[in-house]
2 protein chains.
Amino acid sequence: MKLDPVKQEVVLHFGEMGSRWGINRTVGQIYALLFLSEAPLNADQICDELGFSRSNVSMGLKELQAWNLVRLQHQVGDRRDYFTTPEDLWEIVRTLIDERKKREIDPTLSKLRTLLLAAEDSSVENDPTLQRVRELKDLFELLTGWYEEINQIPTDRLVPLLRLGAAVQRVLMLPERVTGSLRGRSDASSKGAADATAIDGD
Amino acid sequence: MKLDPVKQEVVLHFGEMGSRWGINRTVGQIYALLFLSEAPLNADQICDELGFSRSNVSMGLKELQAWNLVRLQHQVGDRRDYFTTPEDLWEIVRTLIDERKKREIDPTLSKLRTLLLAAEDSSVENDPTLQRVRELKDLFELLTGWYEEINQIPTDRLVPLLRLGAAVQRVLMLPERVTGSLRGRSDASSKGAADATAIDGD
DNA sequence: CTGTAATTTCAGAAATTACTGAAATTACAC
DNA sequence: GTGTAATTTCAGTAATTTCTGAAATTACAG
């Protein structure tokens, strides 16, 4: 570990945060290292810097690839795999959200839909449990629908929108004449968010 | 476990998803049970329904309280503690985001700020590592700043905004005259998001 | 093809996290 | 205060996850 002190600190911090972020220490540290490296690194260099076993690094890199968080590259006349993270932080944010949605939201939404579909047949229509489940499903759909819409917006348009913050409202609270035309198109949901990694076994 | 089948399924699903959501099986199941219960439940009832040990349930409830995800209530003439989740799903969403931000974002933002502050003194100003760290910190500040702003908006105004989705843009892309007045107030960051649970030990 | 470098797989060891039952503490009725 | 119900703590155990080194596989140069 002949890392510069700042790099070192970030690497260790990412390692510690890893468990909270749904990855492990190794994966967190590898990611931080790649994120801060100017040049792509190969597995042996990562072992070297972080002091993990070769196999552990291999698994860590595999995991990062499963998360779409690293890119594989090659150098001329060198058949080892080199890894980088995207330069553009916004790209990283997008994949991070996509992947977490895929793992943390989609399976549940899928489950709720299945459950409700099955329950529709059965007699009871206003069972309070079903009511609550329906409410939850609707919320998930509203949120994922919103996300899918927002995610269409290219970064250079999205950033100014974010900077606007809550002031969006001030603009939208303009005279009826302006916003009125947008009234019809509510409910941006119901499709998408397919079947996910199906943690549910039915 | 004499739970109705839908409740049962949701409970088991939440238990399985728990690890992905940063809680454990017990906590996930307890939460689902409370979420779907019409009436508040006490610890013994929860043990009963889920088949966990009394102590495990106690710890689970403590954890849910730490997350602000459950409310403590009392029945007249009964000195046991009863627990519920808020009726309003939006309240739940807000606490969920708040708490995850607190655990997953704030410690890192805090760390990055400290690191940059310390590095400012040291000679090098355009070290590529520092540059990258700065970039990351700015991103975190933009995002948390946006969130803090949006979080101010009351639910009944927020929901229509969400339904609007990407169409927000269409409204904001109106003639300069309308949006122009909002240009000045960019950068909604730099304060807030204090020191967090400080996973960093320095 | 053969040989070698690079990577992956995998069984077991190490570390961490979850869970239990017993003991301790707290909170209140009498 | 004493006694009892409710809850929490905690040490030990169970279960899970992470990590390693050795063996297997893959990829390619000659």
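Preceding this paragraph is the structure being described.
Quick caveat: nothing in here was measured; it's all calculated off a predicted structure. (Residues numbered from 1 in each chain as written. Chains lettered and ligands numbered in written order. Predicted model: local features only at pLDDT ≥ 70, side-chain atom pairs only at ≥ 80, totals over all residues.)

Comments concerning the interface of chain B and chain A
To be explicit about the condition: In this description, a residue-residue contact is defined by the distance between C-beta atoms placed from the backbone, which must lie within 7 Å. Labels follow the DSSP assignment, with helices taken as runs of H or I lasting at least four residues and strands as runs of E lasting at least two, numbered in each case from the N terminus. Under the convention adopted here, Pro, Cys and the residues Ala, Val, Leu, Ile, Met, Phe, Trp and Tyr are nonpolar, Asp, Glu, Lys and Arg are charged, and Gly plus all remaining residues are polar.
The interface is formed by 58 residues belonging to chain B together with 58 residues belonging to chain A. Mapped by element, the contributors of at least two residues to the side of chain B that touches chain A are α1 (5-21), α2 (25-36), α5 (89-121), α6 (128-150), α7 (155-164) and α8 (167-172) of chain B. At 13 residues, α6(B) tops the list of elements feeding residues into the side of chain B that touches chain A. Counted by class, the side of chain B that touches chain A contains 31 nonpolar, 10 polar and 17 charged residues.

Let's talk about the protein's contact with DNA strand D
Quick reminder of the rule: Using the backbone to place each C-beta atom, any residue with that atom within 6 Å of a molecule or strand is considered near it.
Taken together, 22 residues are adjacent to DNA strand D, and Thr26(A), Ser55(A), Asn56(A), Ser55(B) and Asp81(B) come closest. Where the surface near DNA strand D is concerned, the elements lending two or more residues are α2 (25-36) and α4 (54-66) of chain A together with α3 (43-50) and α4 (54-66) of chain B. The element that contributes the greatest number of residues to the surface near DNA strand D is α4(B), accounting for six residues. Here the surface near DNA strand D is built from residues that sort into five nonpolar, nine polar and eight charged.

Topic: the pairing of strand β3 (residues 78-84) of chain A
On any regular strand, side chains alternate: one points to one face of the sheet, the next to the other face. Residues and elements named next belong to chain A. Heads up, the condition is: When DSSP locates at least two bridges between a pair of strands, those strands are taken to pair.
As paired strands, strand β1 (residues 41-42) and β3 are joined by two bridges and run antiparallel to one another. Its bridge partner being in β3, Asn42 is matched across the sheet by Tyr82. Sheet topology note: the strand β2 (residues 71-75)/β3 ladder contains four bridges and is antiparallel. Within the sheet, the bridge partner assigned to Gln75 lies in β3 and is Asp78. Between β2 and β3, which pair antiparallel one after the other, the connecting turn spans two residues, and Gly77 there sits at a positive phi close to 65 degrees.

Observations regarding the protein's contact with DNA strand C
The immediate surroundings of DNA strand C are formed by 21 residues, with Ser55(A), Asp81(A), Thr26(B), Ser55(B) and Asn56(B) found nearest. Taken together, the elements giving at least two residues each to the surface near DNA strand C come down to α4 and β3 of chain A together with α2 and α4 of chain B. The element best represented in the surface near DNA strand C is α4(A), accounting for six residues. A class-by-class count of the residues in the surface near DNA strand C yields five nonpolar, nine polar and seven charged.

Comments concerning the relation of the copies chain B and chain A
We count it as follows: Alignment of the copies relies on least squares applied to C-alpha atoms, considering only residues that score at least 70 for pLDDT in both.
In the superposition of chain B on chain A (RMSD 0.0 Å, axial shift 0.0 Å), the rotation amounts to 180 degrees. Taken together, the rotation and translation describe the operation of a two-fold axis. Proximity to the rotation axis, assessed at the C-alpha, singles out Gly22(B) in chain B; its C-alpha lies 3.7 Å from the axis.

Here we look at α2(B)
As a reminder, the rule being used: Under the convention used throughout, the expected extent of a helix is 1.5 Å for every residue step, that is, one less than its residue count. The exposure label follows from counting other C-beta atoms within 10 Å of a residue's C-beta, where the C-beta atoms are placed from the backbone and the thresholds are 20 or more for buried and 12 or fewer for exposed, leaving partly exposed in between.
The end-to-end C-alpha separation of α2(B) is 17 Å, in line with the 16 Å expected for 12 residues at 1.5 Å each. Counting buried residues in α2(B) gives 11 out of 12 residues, a clear majority hidden from the surface. Restricting attention to buried positions, one finds in α2(B) the residues Thr26(B), Val27(B), Gly28(B), Gln29(B), Ile30(B), Tyr31(B), Ala32(B), Leu33(B), Leu34(B), Phe35(B) and Leu36(B). Where α2(B) is buried, its residues touch α6 (128-150) of chain A together with α1, β1 (41-42), α3, α4 and β3 (82-84) of chain B.

Looking at α4(B)
Residues and elements named next belong to chain B. Quick note on the threshold: Working definition: the arc comes from the directions between the helix axis and the C-beta atoms, pointing outward to the latter.
Here α4 contains 13 residues, and its C-alpha end-to-end distance of 18 Å stays within 8% of the 18 Å for a straight helix at 1.5 Å per residue. Among the residues of α4, Val57, Gly60, Leu61 and Leu64 are the ones counted as buried. On an axial view of α4, the arc spanned by its buried residues comes to 100 degrees, and they lie on one face. When the buried face of α4 is taken as reference, the exposed residues oriented beyond 90 degrees from it are Ser55, Lys62 and Ala66. Contact partners of the buried residues in α4: α2, α3 and β3.

Some points on the sheet that holds strand β2 (residues 71-73) of chain B
All names here are of chain B. Across the sheet, which stays open at both edges, the three strands sit in the order β1-β3-β2 with antiparallel pairing between neighbours. A single partner strand is all that each edge strand has here, and the edge strands are β1 and β2. The pairing of β2 with β3 spans three bridges and is antiparallel. When the bridges of β3 are listed, Gln73 appears paired with Tyr82.

Some remarks on the packing of helix α1 (residues 5-21) of chain A against α5(B)
How two helices sit against one another is set out by the angle between their axes and by the gap between those axes. So the rule is basically this: Axes here refer to lines fitted to C-alpha atoms; in helices the fit is confined to the stretch in contact. Angles between the N-to-C directions go from 0 to 180 degrees. Here is the rule for angles: anything less than 35 degrees is roughly parallel, anything more than 145 is roughly antiparallel, 65 through 115 is roughly perpendicular, and the remaining ranges are oblique.
Contact geometry for α1(A) and α5(B): axes closest at 10 Å, N-to-C directions at 175 degrees. Classified by the interaxial angle, the pair formed by α1(A) and α5(B) is roughly antiparallel. The segment α1(A) lies against α5(B), with Val6(A), Glu9(A), His13(A), Met17(A), Arg20(A) and Trp21(A) engaging Arg103(B), Glu104(B), Pro107(B), Thr108(B), Lys111(B), Leu115(B) and Ala119(B). In terms of residue class, the contact of α1(A) with α5(B) is made up of six nonpolar, two polar and five charged.

Notes on the nonpolar core
Going by this rule: Think of a nonpolar core as buried Ala, Val, Leu, Ile, Met, Phe, Trp, Tyr and Cys residues, each tied to the set through C-beta atoms within 7 Å.
Val10(B), Ile30(B), Tyr31(B), Ala32(B), Leu33(B), Leu34(B) and Leu64(B) are the most contacted members of the largest nonpolar core, which totals 30 residues. Counting only elements with at least two residues in this core, the list comes to α5 (89-121) and α6 of chain A together with α1, α2, α3 and α4 of chain B. Non-local contacts of Val10(B), meaning those with residues more than four positions away in its chain, are made with Val133(A), Ala32(B) and Leu36(B). Residues Met17(A), Tyr31(A), Leu61(A) and Leu130(B) belong to the second largest nonpolar core, which totals 29 residues.

Notes on the sheet that holds β3(A)
Spatially, β1-β3-β2 (chain A) is the arrangement adopted by the three strands of the open sheet, whose pairing is antiparallel. Sheet topology places β1 and β2 of chain A at the edges, where each strand pairs with a single neighbour.

Here's the deal with the environment of Cys47(B)
Residues and elements named next belong to chain B. Along the polypeptide, Cys47 turns up in helix α3. In this structure Cys47 comes out as partly exposed when scored by C-beta crowding, with 18 C-beta atoms within 10 Å. When the C-alpha atoms of Cys47 and Val70 are compared, they prove to be 17 Å apart, with 23 residues separating the residues in sequence. In this structure Cys47 touches Phe52, Arg54 and Val57, once residues within four positions along its chain are discounted.

So, to be careful, I would describe these as geometric facts and stop short of saying anything about function.
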